[in-house]
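# Examination of the molecular architecture
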Amino acid sequence: MSDRPHSSAVATAHARNTQRAWTLGGSLALVAVVLDASLVGPWFDQGFARTLLLAAALIVFAFGIRGSGSVTGRRPVGTIALCLLALTLVIDWLLGLSLNWSIVPLTVSVAAMQVLLIMQYALALVAAERIGRLAIVPRPWNWAPAIAVGVLALVAALTAVVSVVSRDALMVLALFLGNVGGVIGTAALVGLGVLAIVLGDRAGRGHPASPSS
């Protein structure tokens, strides 16, 4: 009997911290989208700010707040995948910077960015699969990241294939697919950000956010 108040307090703290983690992670992702769409002065490095926001969102989702709210339950595979994905975002920005300032030869920068892109999709797929399997995010929303990453990976693969074999009209198709990928990526980021905030609110109101297995 004496354990019940303690258990209730722990559950309440867990729910509140989960709400804070998911709300913070989702908000960071949405602010990153806003930065992409906004026009800012030359004194503000828009790309760097967006990169830091997205990387921070991934870290928050990976570890949660005070031990609660980790979408991977802090299990090694999914958590490491999210952390490495955050790191690749920063590296990608640095490569873009080196390309703009001609610090690294063009061919080296382009090749490195292509390899990094493949790594990002691989890490995102691993993390999304873990999030779906562990089901710490309530069902059926636990598979939302996997669906988003899967669609983006498919469009990216089609774009890559068409770009390699493209001639004339196919070049237009490659450009179209590239633009579609950008739109889908933005929509997926907005959708996942909003979903994280909504699910965080539900968790804070007492809905469970723990593995059901």
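One can find the structure itself at the top, above this paragraph.
Given the structure is predicted, the values throughout are model-derived calculations rather than measurements.

Attention shifts here to the overall build of the chain. Scanning the chain from terminus to terminus reveals six helices and zero strands. When burial is assessed residue by residue, the chain has 35% of its 213 residues classed as buried. Considering only residue pairs separated by 6 or more positions, the chain has 68% of its internal contacts joining residues 24 or more positions apart. Per element, the accessible surface of the chain, about 12,300 Å² overall, is 72% carbon and sulfur.

A separate point is unusual backbone geometry. For the bond from Arg139 to Pro140, the omega torsion is 0°, close enough to zero to count as cis. Relative to the assigned elements, Pro140 resides in the loop between helix 4 (106–134) and helix 5 (144–165). Look at Arg74: it is not a glycine, yet its phi comes out positive at around 60°. Topologically, Arg74 is positioned in the loop between helix 2 (46–63) and helix 3 (76–100). Here Ala135, not a glycine, exhibits a phi torsion of approximately 55°, which is positive. Along the chain, Ala135 turns up in the loop between helix 4 and helix 5. Under the relative-accessibility criterion, Ala135 is labelled buried at 4%.

Our next topic: a nonpolar patch on the surface. A cluster of nonpolar side chains, namely Ile80, Leu84, Leu87 and Ile91, defines an oily patch on the protein surface of about 330 Å² accessible area. Mapped onto the secondary structure, Ile91 falls in helix 3. The exposure class assigned to Ile91 is partly exposed, which follows from its relative accessible area of 34%.

We now examine the pattern of salt bridges. Following the criterion strictly, the structure yields two salt bridges and no others. Among the ionic pairs, Glu129 bridges to Arg130, the shortest N-O distance being 2.8 Å. In this structure Arg130 comes out as partly exposed when scored by relative accessible area, which is 24%. In this structure, the salt-bridge partner of Arg133 is Glu129, at a minimum N-O distance of 3.1 Å. With Arg133 and Glu129 both in helix 4 and four residues apart, this pair spans about one turn of that helix. Given the relative accessible area of 56%, Arg133 is considered exposed. Relative accessible area serves as the criterion here: at 30%, Glu129 is assigned to the partly exposed category.

Now for the nonpolar core. The biggest cluster of nonpolar side chains holds 30 residues, and the ones touching the most others in it are Trp22, Phe61, Val71, Leu82 and Val137. Contact partners of Val71, with chain neighbours within four places excluded, come to Trp22, Phe61, Leu82, Ile131, Ile136 and Val137.

Before going further, it helps to spend a moment on the environment of Asp36. Within the secondary structure layout, Asp36 lies in helix 1 (residues 3–37). Residue class for Asp36 comes out partly exposed when judged on its relative accessible area of 44%. The sequence separation of Asp36 and Gly47 amounts to 11 residues, and the corresponding C-alpha distance is 7.9 Å.

Let's shift gears to the side chain of Ser68. Relative to the helices and strands, Ser68 resides in the loop between helix 2 and helix 3. Using a relative accessible area of 7% as the deciding quantity, one classes Ser68 as buried. Dropping the residues within four chain positions of it, Ser68 is found in contact with His14, Asn17, Thr18, Ala21 and Phe63.

Calculation notes
Residues numbered from 1 in each chain as written. Predicted model: local features only at pLDDT ≥ 70, side-chain atom pairs only at ≥ 80, totals over all residues. Heavy atoms only, no water. Helix = DSSP H or I, 4+ residues; strand = E, 2+ residues; numbered from the N terminus. Buried < 20%, exposed > 50% of the residue type's maximum accessible area, 1.4 Å probe, protein only. Contact = heavy atoms within 4.5 Å. Areas by Shrake-Rupley, 256 points an atom, 1.4 Å probe, with all protein chains shown as cover. Patch = residues over 30% accessible without salt bridge, like charges linked within 9 Å, V, L, I, M, F, W, Y side chains within 5 Å. Salt bridge = Lys/Arg side-chain N within 4 Å of Asp/Glu carboxyl O. Core = buried A, V, L, I, M, F, W, Y, C linked by side-chain atoms within 4.5 Å.

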